[in-house]
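The chain contents come next:
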Amino acid sequence: MQITAAEIAQLINGVVDGDSSTIITAAGKIESASQTDISFLANPKYLNHIYDTKAGIVIVGKDVVFDKPVQSTIIRHPMPYYGFCVVLDTYFNPHQNRTGIDSTAIISESAVIGKNVFIGPYVVIEDGATIGDGAQLYAHVFVGSKASIGQKTIFYSGVKLYSDCHVGNSCIVHAGTAIGSDGFGFAPTPDGSYAKIPQIGNVIVEDSVEIGANCCLDRATMGSTIIRKGVKLDNLVQIAHNAEIGENTVIAGLSGVAGSTKVGKRCVIGAQVGIVGHITIADGTQIGGQSGIPKSITEPNQQFTGSPAMPLKDAFKSQVILRNLPNLEQRVRELERIIKELKQL
Amino acid sequence: MQITAAEIAQLINGVVDGDSSTIITAAGKIESASQTDISFLANPKYLNHIYDTKAGIVIVGKDVVFDKPVQSTIIRHPMPYYGFCVVLDTYFNPHQNRTGIDSTAIISESAVIGKNVFIGPYVVIEDGATIGDGAQLYAHVFVGSKASIGQKTIFYSGVKLYSDCHVGNSCIVHAGTAIGSDGFGFAPTPDGSYAKIPQIGNVIVEDSVEIGANCCLDRATMGSTIIRKGVKLDNLVQIAHNAEIGENTVIAGLSGVAGSTKVGKRCVIGAQVGIVGHITIADGTQIGGQSGIPKSITEPNQQFTGSPAMPLKDAFKSQVILRNLPNLEQRVRELERIIKELKQL
Amino acid sequence: MQITAAEIAQLINGVVDGDSSTIITAAGKIESASQTDISFLANPKYLNHIYDTKAGIVIVGKDVVFDKPVQSTIIRHPMPYYGFCVVLDTYFNPHQNRTGIDSTAIISESAVIGKNVFIGPYVVIEDGATIGDGAQLYAHVFVGSKASIGQKTIFYSGVKLYSDCHVGNSCIVHAGTAIGSDGFGFAPTPDGSYAKIPQIGNVIVEDSVEIGANCCLDRATMGSTIIRKGVKLDNLVQIAHNAEIGENTVIAGLSGVAGSTKVGKRCVIGAQVGIVGHITIADGTQIGGQSGIPKSITEPNQQFTGSPAMPLKDAFKSQVILRNLPNLEQRVRELERIIKELKQL
């Protein structure tokens, strides 16, 4: 596919600075791009690359100033990474749209299947399930009874959606993720063993959610575990029963949110973070990797780190002193020596 | 289904306090229940809900005293949550019992299949495997050669049981869990690479164990990795080769137990905990979330937290001083100033 | 199978010390071996077991000296664990070599399939994929379009290899692992939601790599996520987009390497470790379990621990003082008391 700078500028509503007839056929990183690649420059830290890159076209910020000559054709855009991203999605997306129902898919007669769907080999869809128009289910997907999947949603190979759970429109769920497994709920019994608390609720995933590979979203004990619109979960994330993750919140890999906790909107949660159960996290909270959150965060838009977590500034201050602890101990020892001398005078 | 307070009291051996003909048809949380719901009150913290709830029936503790009028019919029980749990399991369990063998299941002729089993679509059962009476294997389950599954055990979709591994009676294993993958054992070779140490042992899971989704239980190098009776593992838990988890121990999500470690009975282990290899954890040990356990715990029934973990009380004490470290440093600086003055006198 | 000490010594190039006609039929741990077992002794800590073991043959270090009589036939070898490992692999490997293509496997006509492969039931191989000679794909494996798998590589049940991703020769990948899921890349949009950045790169796994169960290796945004020759990944490990893991590096369970980070050769990385994105880890770095690595490590062969990580020695020193913090606070209080007295003089 051959695409001109003019076509790209039109697509993303950008402005060409240079030869608008420049043609590219692929995309690449600025430091390794060739003449037939389009690339981008978003982080000013990498500005120097612009003078050396071989990329045919580079998308840059609206107001970036060059102090040396640049070989590439430039397209200016207020959000260059976002613009690049639209280009990739339009011309170079490796996940081609699939349609068709494989003859080996086992689909209950009572399931409702939309138009233009892709249902791959060995997919199993149980009684009363619903698959929206344009949904794509790769090989070995399992959809339990009365579960539903929205329009244009993609389930990669081996996703397991338990009965009665619902995933919205335009979602992406990666390989091996389990949605609707039982919440981890047990009641102690008189003999010291545990009785299972039946988990009679479900999971609701709203629209435009992306979920990584091998995640686990547990069904609620009663009611619903809820993943709100626009949430992005990385790989190996656990969401426990009755938790709720707010709109457009992002959670990185290997993190876990315990039962009944309500995470706000637009939060950014690092990797390997643990959030205890039955608390509330305010909108816009940012949490550093490996943090442990032991209690509710009520003020919005604050930053935390550490286990147990502290406000970011306090944590940095404590870390500096921590590193200097041997020095502090030395200073105390010196004081003890002087005092001893003073007392002997 | 319509159930009376009298029927429920009889089922759980409780005592009705109010109208024993009250009828419910569903179950709900006390704060959102409707008149046709049964609910429960176990944590005294939530006592206030009892005065506002619309629940038709509420199961409460034997000796709870109300100081305001209550609308709901009350059933008193020594362990109200456990009683509620029996009610859910008896009347409202969403996982209906399944039976029947799907025609697409591939079952070796040398496998032994019990009575009243459910074997779903695209299940694969290899040579010499054994499936107990009443077991339920959902779609895409894999059972390796000479592996066995006990009576009434449920494997949800996509569970993989490697060859020679054994799961007992009345177990539940959630989607995507792998039982019997090779232990992580390598020996350095003269050229700096690693040689694989063949893992010739297996995994034994005893009766009444529940294992969450996408867990990994590695087979032993030699001998067995053992999960004792009544153990409950949350999602994404790793149990390494030759580890042993004691009876009725509970391990929360994203935790790992390293090789050859022996965890005692009735332990309660939080989420994202790491326990190093080749140690012993005493019975009844309780470990806080995100803790790291670097050495054996010999005294039973103690509580630990932190990484590396300390006894709970010491950890809290250290955390308080940690938070006040800037203040301690300030006090030392003030002492240094005074000493300097004193010396100049 | 009956094997003599002489045969074993010849196989591993060791020296028999005792009766070279001793016969064994199985392998076992030194503390529980029977007379027909071969065992090994590598860690001097366990030397005492040599005097009590019932093992017919024990492989020990070249220069180990016994100060009491030993019953077993001894085979001396410079690396006894490695020698034992060769014995296990030669005689006792439970994963028998499989060949044959199951009639239920769905293989695209445009896929290229090598000789002597095993392709199990319900495996799906898409257009243009390549499977090397002697590769073994267990039940429910998925191989996406244009993906490739090298010679003698084993994929256990349910491994998912996305399109355009490549796994080399003599690799082992355990159940449920996903290779090639989309990197976690999103660009903020003007309305506060996130736009997906199409992940158009792939994953390349070189030769002789072992990957545990339920791992997640994300495809690159552009270019490749690379796992170099000889790498060993434990279970539940996440490798993010564009990361590179150097030759013969070992990473234990539940660890994560964030995007674009380059880990060196021969590193040893403990369990539950988190390494942030866009940094470099020097060759031979050793990282303790649960550590968090916030910035590049430039000096090779150093040891780190903690979150955020410090050099091992500093970390131990700080930990000792940390444990004694209440004591340090006490000393400062005592100084304050004395100073007060001195000033009153």
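Residues numbered from 1 in each chain as written. Chains lettered and ligands numbered in written order. Predicted model: local features only at pLDDT ≥ 70, side-chain atom pairs only at ≥ 80, totals over all residues. Heavy atoms only, no water.

> I'd like to hear about the overall build of chain A, residue by residue, with values.
Broken down by element type, chain A carries 5 helices and 40 strands. Against the globule reference of 20 Å for 345 residues, chain A gives a C-alpha radius of gyration of 27 Å, more extended than a compact globule. Overall, the C-alpha framework of chain A stretches about 95 × 75 × 30 Å when taken along its three principal axes. Relative to its 345 residues, chain A shows a buried fraction of 58%. Accessible surface, chain A: about 13900 Å² in total, of which carbon and sulfur atoms supply 50%. On chain A, the mean spot of the 28 positive side-chain charges and the mean spot of the 31 negative ones are 8 Å from each other. (Helix = DSSP H or I, 4+ residues; strand = E, 2+ residues; numbered from the N terminus. Rg over C-alpha atoms; globule rule 2.2 N^0.38 Å. Buried < 20%, exposed > 50% of the residue type's maximum accessible area, 1.4 Å probe, protein only. Areas by Shrake-Rupley, 256 points an atom, 1.4 Å probe, with all protein chains shown as cover. Lys, Arg positive; Asp, Glu negative; His and termini not counted. Charge placed at Lys NZ, Arg CZ, Asp CG, Glu CD.)

> Before we move on, can you summarise empty space enclosed by the protein with the specific residues and values?
In the structure shown here, the tally under the stated rule is 7 cavities of 30 Å³ or more. Size it by volume and the largest cavity reaches roughly 150 Å³. Classifying every residue of the lining of the largest cavity by side-chain character gives no nonpolar, 12 polar and 3 charged. (1 Å grid on protein atoms, 1.4 Å probe; cavity = no way out; pocket = protein on both sides within 12 Å on 5 of 7 lines; lining within 4 Å. Points joined across faces, edges and corners; volume = space filled by probe spheres on them. Nonpolar A, V, L, I, M, F, W, Y, C, P; charged D, E, K, R; others polar.)

> How would you summarise the interface of chain C and chain B if you had to cite specific residues and measurements?
Quite often, the size of an interface is put as the accessible area lost when its parts meet. Chain C puts 61 residues into the contact, and the matching count from chain B is 68 residues. For the pair chain C and chain B, the summed buried surface comes to about 5100 Å²; carbon and sulfur atoms form 68% of the total. Of all residues in chain C, the largest losses of buried area upon contact with chain B belong to C:Tyr122, C:His140 and C:Gln290, amounting jointly to 11% of the total for that side. In this structure, the connection of chain C to chain B is made through 4 salt bridges. As a salt-bridge pair, B:Arg331 and C:Glu336 come within 2.9 Å of each other at their nearest N and O atoms. In this assembly, chain C and chain B are joined by 20 residue pairs in polar contact (both at pLDDT 80 or more). Those elements giving two or more residues to the side of chain C that touches chain B turn out to be α3 (80-92), β28 (232-233), β31 (250-251), α4 (312-323) and α5 (325-344) of chain C. (Contact = heavy atoms within 4.5 Å. Buried area = accessible area lost by both parts, 1.4 Å probe. Salt bridge = Lys/Arg side-chain N within 4 Å of Asp/Glu carboxyl O. Polar contact = N/O pair within 3.5 Å; in protein donor to acceptor, adjacent residues only side chain to side chain.)

> With reference to specific residues and values, describe the interface of chain B and chain A.
Residue-level contacts link 61 residues of chain B with 68 residues of chain A. Contact between chain B and chain A buries roughly 5100 Å² in total, counting both sides, with carbon and sulfur atoms accounting for 68%. When residues of chain B are sorted by the area they lose upon contact with chain A, B:Tyr122, B:His140 and B:Gln290 head the list and together hold 11% of the total. Inspection of the region where chain B meets chain A yields 4 salt bridges. Taken together, the connections running from chain B to chain A amount to 21 residue pairs in polar contact (both at pLDDT 80 or more). Of all the elements in the fold, those that place two or more residues in the side of chain B that touches chain A are α3 (80-92), β28 (232-233), β31 (250-251), α4 (312-323) and α5 (325-344) of chain B.

> Kindly report on α4(C), identifying the contributing residues and their values.
Given a rise of 1.5 Å per residue, 12 residues ought to cover 16 Å, and the 16 Å separating the end C-alpha atoms of α4(C) matches this to within 8%. Those residues of α4(C) that sit buried are C:Ala315, C:Ser318 and C:Ile321. Along the axis of α4(C), the buried positions cluster into a sector of 130 degrees, meaning they face one direction only. Each element contacted by the buried residues of α4(C) is listed here: α4 (312-323) and α5 (325-344) of chain A together with β39 (303-305), β40 (310-311) and α5 of chain C. (Expected span 1.5 Å × (residues − 1). Arc of directions from axis to C-beta.)

> Could you give an account of the relation of the copies chain C and chain B, naming the residues involved and the relevant values?
For these two chains of identical sequence, chain C goes onto chain B by a turn of 120 degrees and a shift of 0.1 Å along the axis, with RMSD 0.2 Å. Viewed as a symmetry operation, the transformation between the two copies matches a three-fold axis. (Least-squares fit on C-alpha atoms with pLDDT ≥ 70 in both.)

> Break down the sheet that holds strand β36 (residues 280-281) of chain B for me, citing the residues and quoting the values.
With parallel pairing, 9 strands are arranged side by side in an open sheet as β10-β13-β16-β19-β24-β27-β30-β33-β36 (chain B). With partners counted over all chains shown, the strands left at the sheet margins are β10 (112-113) and β36 of chain B, one partner each. (Pairing = 2+ DSSP bridges.)

> Which residues make up the packing of α5(A) against α5(C), and what values do they have?
The contact between α5(A) and α5(C) brings their axes to 11 Å, and the two run at 30 degrees. Judged on the interaxial angle alone, α5(C) and α5(A) are roughly parallel. Note that α5(A) runs across α5(C); the crossing there is left-handed. Along the contact surface, α5(A) presents A:Leu325, A:Leu328, A:Glu329, A:Val332, A:Arg333, A:Leu335, A:Glu336, A:Ile339, A:Leu342 and A:Lys343, while α5(C) presents C:Leu325, C:Leu328, C:Arg331, C:Val332, C:Leu335, C:Ile338, C:Ile339 and C:Leu342. Here the residues of the contact of α5(A) with α5(C) sort into 13 nonpolar, no polar and 5 charged. (Axes fitted to C-alpha atoms, helices over the stretch in contact; angles between N-to-C directions. Parallel < 35°, antiparallel > 145°, perpendicular 65-115°, else oblique. Left-handed = near helix turned anticlockwise from the far one by under 90°.)

> Explain the pattern of salt bridges to me, and be specific about the residues and the numbers.
Opposite charge on two side chains lets them pair, provided their charged atoms get close. One pass over the full model with this rule turns up 37 salt bridges over all chains. Across the pair A:Glu244 and A:Arg228 runs a salt bridge whose closest N-O atoms are separated by 3.0 Å. Here the residue A:Glu244 occupies a position in strand β30 (residues 244-245), and A:Arg228 occupies one in the loop between β27 (224-227) and β28 (232-233), the gap between them amounting to 16 residues. The closest approach of N and O atoms between C:Glu341 and C:Arg337, which form a salt bridge, is 2.6 Å. Taken together, the positions of C:Glu341 and C:Arg337, both in helix α5 and 4 residues apart, correspond to about one turn of that helix. Residue classification places C:Arg337 among the partly exposed residues on the basis of a relative accessible area of 40%. Linked through salt bridges whose partners overlap, the residues forming this network are A:Glu329, A:Arg333, A:Glu336 and C:Arg331.

> Could you give me a rundown of the side chain of C:Gln290, with the residues and numbers involved?
Structurally, the position occupied by C:Gln290 is in the loop between β37 (286-287) and β38 (292-293). Side chain to side chain, C:Gln290 and B:Ser307 meet in a polar contact 2.7 Å long. Apart from residues no more than four positions distant in its own chain, C:Gln290 is found in contact with A:Gln290, B:Gln272, B:Val273, B:Gly274, B:Gln290, B:Ser291, B:Gly292, B:Ser307, C:Ala271, C:Gln272, C:Val273 and C:Ser307.

> Which residues make up the domain arrangement of chain A, and what are the values?
Residue and element names in this part refer to chain A. Each assigned domain of chain A is listed with its residue range as follows: domain 1 (3-92), domain 2 (100-314) and domain 3 (315-344). The distance between the C-alpha centroids of domain 2 and domain 3 comes to 50 Å. Each side of the interface is counted separately: domain 2 has 6 residues, and domain 3 has 4 residues. Summed over both partners, the interface of domain 2 with domain 3 comes to about 410 Å²; 56% of that surface belongs to carbon and sulfur atoms. Linking domain 2 with domain 3 are 9 residue pairs in polar contact (both at pLDDT 80 or more). Secondary structure elements with two or more residues in the side of domain 2 that touches domain 3: β40 (310-311) and α4. At 3 residues, α4 tops the list of elements feeding residues into the side of domain 2 that touches domain 3. (Domains from an automatic or database assignment.)

> Provide a residue-level description of the sheet that holds β31(C), including the pertinent values.
All names here are of chain C. The strand order β8-β11-β14-β17-β20-β25-β28-β31-β34-β37-β39-β40 describes an open sheet built from 12 strands, whose pairing is mixed. This sheet does not close on itself; its edge strands, each paired only once, are β8 (100-101) and β40. Here 2 bridges tie β8 to strand β11 (residues 118-119), and the two strands are oriented parallel to one another. Pairing of Gly100 across the sheet is with Phe118, part of β11.

> Give me the lowdown on the state of the cysteines, citing residues and values where you can.
Residues and elements named next belong to chain C. Following the criterion strictly, the structure yields 0 disulfides over all chains and no others. Sulfur of Cys85: no disulfide; nearest cysteine sulfur belongs to Cys171 and is 17 Å away. Judged by its relative accessible area of 2%, Cys85 is buried. For Cys267, which is in no disulfide, the shortest distance to another cysteine sulfur is to Cys215 and amounts to 17 Å. (Disulfide = S-S within 2.5 Å.)

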